[in-house]
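Results of the structural survey
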Amino acid sequence: MRTNFPHTRLRWHRVGSATAVTAALVLAGLGTAVHADATTSSKVTWAATPCATPKKTGELACNSLRVTGGTTAFQKARGITPKAADAATPSGYGPSDLQSAYGLTSASATNGSGETIAIVDAYNDPNAEADLAKYRSYYGLPACTSASGCFKKVSQTGSTTSLPTSDAGWSEEISLDLDMVSAIAPKAKILLVEAKSATMANLGKSVNEAVTLGAKFVSNSYGGSESSSDTSYDSSYFNHPGVAITVSAGDEGYGAEYPAASKYVTSVGGTALSTSSNSRGWTESVWNTSSTEGTGSGCSSYDAKPSWQTDTGCTKRMISDVSAVADPATGVSVYDSYGVTAGWYTFGGTSASSPIIAAVYALAGTPGSSDYPAQYPYAHTSSLNDVTSGNNGSCSTSYFCTATSGYDGPTGLGTPKGVSAFTG
């Protein structure tokens, strides 16, 4: 385990340029960032969810942000005027939007039955199943309940009764993850594995438990600074052939995080997603709010380069592999009720993109038993939307932080264009 984990320091750095008052608010989960997006009629503001600031040394951070005001891209496109902070109605993209954007409308309607997608998070969300039911009912998705066997919530040991301590911040993260899986793969089963804390050891044990319980798709929306222990974590927690494991690339702009840097996972970057008059109907660019907020990317300091990754500027593992929507200003709708006013919220962060990609893998079908599914997109690059504009900071090797034709760090090979890129 990491005993001197520096990620908390990085979170302080993220707010260090703001006023002291704003810094204090952010650390309490209440501070805001402002994004003047071209698709919005007023500036969108948001705050990092409380779990984005680790409670204790050694804990990892979730990668989610919740919109607190302004008019989102979803609202602008539909002429909706209520503020995004109004919890009474959705103010972010819903299932039909996401399925349309990623060419998944047909696959989402027909594929995924019999597959189990696991979500790994820390602490307990006591309202997880009830909130999931609200989201799925509102959008006309089939019910997914524990009674029917579609939904299951367990601890990192597999217990359904001895669950971790409840936590409002991680409950926001859990709601986001469950809703994104539902939006993309509404016919799949969902397994929520709750770690007793947000340490790599406990989250890693939860990944192992998800695989033990039969999940072939496991989403992880958390991360922290790299360390020399990462290669041992790789072998202990993430080396699962035949399982598609997705991990958020991070929300602090350019820079590598772990476990997104693991050579055994699909690292998922983030984009800004907006409607367009082009043939696709959508356009994407790198999600970047500021030099300290945006999708993560970078060249790992410790993890070896997987054989299927062929970029030449980084001799070790490069982040990311693929990407999906993450900009809060172009964010997704989520229903949540634990620790907040029960209702609809718009979320962003690469915590949204990881479960989206895990669900796309599920629509594509069970991976080969000896495969590492992270390699699949590299064999099907024409079946992805290449994101070619934007950056997530400054770097000495351009493609590490700047979108370009073909592979780049912030968006990887691109975003889903149907399911073909996610099959063996």
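To start, this report covers the structure provided alongside it.

Reading the values: rules and limits
Residues numbered from 1 in each chain as written. Predicted model: local features only at pLDDT ≥ 70, side-chain atom pairs only at ≥ 80, totals over all residues. Heavy atoms only, no water. Helix = DSSP H or I, 4+ residues; strand = E, 2+ residues; numbered from the N terminus. Contact = heavy atoms within 4.5 Å. Buried < 20%, exposed > 50% of the residue type's maximum accessible area, 1.4 Å probe, protein only. Pairing = 2+ DSSP bridges. Disulfide = S-S within 2.5 Å. Lys, Arg positive; Asp, Glu negative; His and termini not counted. Salt bridge = Lys/Arg side-chain N within 4 Å of Asp/Glu carboxyl O. Polar contact = N/O pair within 3.5 Å; in protein donor to acceptor, adjacent residues only side chain to side chain. Arc of directions from axis to C-beta.

With respect to the helices, strands and loops of the structure, glutamate 209 is situated in helix α8 (residues 200–212). Through-space distance from the C-alpha of glutamate 209 to that of alanine 183 is 24 Å; in sequence the pair is 26 residues apart. Glutamate 209 has contacts with Ser155, Gln156, Thr157, Gly158 and Val193, leaving out every residue within four places of it along the chain.

Summarising burial for strand β19 (residues 343–348): six of the six residues are buried, a large majority. In the sheet, strand β4 (residues 65–69) pairs with β19 via two bridges, with the strands oriented antiparallel. When the sheet's bridge partners are listed, arginine 66 is paired in β19 with phenylalanine 347. Of the strand pairs in this sheet, strand β18 (residues 332–336) and β19 are connected by five bridges, and their pairing is antiparallel. From the neighbouring strand, serine 333 faces β19, where its bridge partner is threonine 346. Counting the residues in the hairpin turn of β18 and β19 gives six residues, including glycine 339, whose phi is positive at 85 degrees.

A separate point is the state of the cysteines. Under the counting rule described, the total for this entry stands at four disulfides. Disulfide partner of cysteine 51: cysteine 62, at an S-S distance of 2.0 Å. Between cysteine 51 and cysteine 62, the S-S torsion sits near 90 degrees, and that sign places the bridge as right-handed. In this pair, cysteine 51 is assigned in the loop between β2 (44–48) and β3 (61–62) and cysteine 62 in strand β3, connecting sequence segments 11 residues apart. Residue classification places cysteine 51 among the buried residues on the basis of a relative accessible area of 4%. For cysteine 62, a relative accessible area of 0% gives the class buried. A sulfur-sulfur separation of 2.1 Å characterises the disulfide bridge that pairs cysteine 395 with cysteine 401. Looking along the S-S bond of the cysteine 395-cysteine 401 disulfide, the torsion reads about -80 degrees, which is the left-handed sense. Overall, the relative accessible area of 2% leaves cysteine 401 in the buried class. In the protein, the bonded cysteines, taken in the order they occur along the sequence, pair up as 1-2, 3-4, 5-6, 7-8.

When you line up the elements, aspartate 408 lands in the loop between α11 (398–401) and β21 (415–416). Although aspartate 408 lies buried, it forms no salt bridge, and the closest oppositely charged side chain, arginine 317, sits 12 Å away as judged by the N-O distance. Among the polar contacts made by the side chain of aspartate 408, one reaches the side chain of threonine 411 at a distance of 2.7 Å. Excluding its chain neighbours within four sequence positions, the residues that come into contact with aspartate 408 are Ser320, Val387, Tyr399, Thr402 and Ala403.

All right, on to helix α6 (residues 128–138) then. Buried within α6 we find Ala128, Asp131, Leu132, Tyr135 and Arg136. Buried residues along α6 cover an arc of 130 degrees about the axis, so they all sit on one side. Lining the buried residues of α6 we find α4 (95–101), β6 (151–155), α7 (168–184), β7 (189–195), β18 and β19. A positive phi of about 70 degrees marks glycine 140, the residue just after α6.

Turning next to helix α9 (residues 230–238). Along α9, the residues that are buried comprise Asp230, Tyr233, Asp234, Tyr237 and Phe238. Taken down its axis, α9 places every buried residue within 110 degrees of arc, on the same side. Among the structural elements, α8, β9 (222–223), β10 (244–248) and β15 (298–304) are those in contact with the buried residues of α9.

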